[in-house]
Amino acid sequence: MDVTEFEDLIDRLGEDLSRWPDDRRLPAEELLSRSAAAQALLEEARTLRRALEAPPVRAPAGLADRIVAAAAKLKSDAAEPRTEGETAGS
């Protein structure tokens, strides 16, 4: 087994080698014992799995309302007529 085949098997069978069929797992374990590239691929797949299993990130309560209010204020500030000599932000 080479690193390319190993990567393909990780994509198809997952990063948990204990679930692989013996005829694929045993050559993969042998490759892992001698290949830093294969070890890196497996660690990357495990890291990705952990990231996908993590709970989703939630926005703080009220964030959407604050964004809408800030956008409405910007819009109303931009629509207000300026007097002569007045600059933006004054």
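Everything quoted here is computed from the prediction, not taken from an experiment.

The subject of this paragraph is the side chain of glutamate 15. Counting through the fold element by element, glutamate 15 comes out in the loop between α1 (3–13) and α2 (22–34). Setting aside residues up to four positions removed in sequence, glutamate 15 forms contacts with Ile10, Leu42, Ala45, Arg46 and Arg49.

Helix length check: helix α3 (residues 36–53), at 18 residues, gives a terminal C-alpha distance of 26 Å against a target of 26 Å (1.5 Å per residue), a fit within 8%. Burial in α3 covers these residues: Ala38, Leu41, Leu42 and Ala45. The buried side chains of α3 occupy one side of the element, clustering within an arc of 95 degrees when seen end-on. For α3, the exposed residues lying more than 90 degrees away from the buried face are Ala36, Glu44 and Ala51. Each element contacted by the buried residues of α3 is listed here: α1 and α2.

Glancing now at the nonpolar core. Core analysis: the largest hydrophobic core is formed by twelve residues, namely Phe6, Leu9, Ile10, Leu17, Trp20, Ala28, Leu31, Leu32, Ala38, Leu41, Leu42 and Ala45. Secondary-structure elements contributing two or more residues to this core are α1, α2 and α3. In terms of residue count, α3 provides more of this core than any other element does, four residues in total.

Glancing now at the packing of α1 against α2. Packing of α1 against α2 brings their axes to within 11 Å, and their N-to-C directions diverge by 125 degrees. Classified by the angle their axes make, α1 and α2 are oblique. Crossing hand, α1 versus α2: left-handed. When α1 is examined against α2, the residues Val3, Glu5, Phe6 and Leu9 are found in contact with a partner set consisting of Arg24, Ala28, Leu31 and Leu32. A class-by-class count of the residues in the contact of α1 with α2 yields six nonpolar, no polar and two charged.

Rules behind the numbers
Residues numbered from 1 in each chain as written. Predicted model: local features only at pLDDT ≥ 70, side-chain atom pairs only at ≥ 80, totals over all residues. Heavy atoms only, no water. Helix = DSSP H or I, 4+ residues; strand = E, 2+ residues; numbered from the N terminus. Contact = heavy atoms within 4.5 Å. Expected span 1.5 Å × (residues − 1). Buried < 20%, exposed > 50% of the residue type's maximum accessible area, 1.4 Å probe, protein only. Arc of directions from axis to C-beta. Core = buried A, V, L, I, M, F, W, Y, C linked by side-chain atoms within 4.5 Å. Axes fitted to C-alpha atoms, helices over the stretch in contact; angles between N-to-C directions. Parallel < 35°, antiparallel > 145°, perpendicular 65-115°, else oblique. Left-handed = near helix turned anticlockwise from the far one by under 90°. Nonpolar A, V, L, I, M, F, W, Y, C, P; charged D, E, K, R; others polar.

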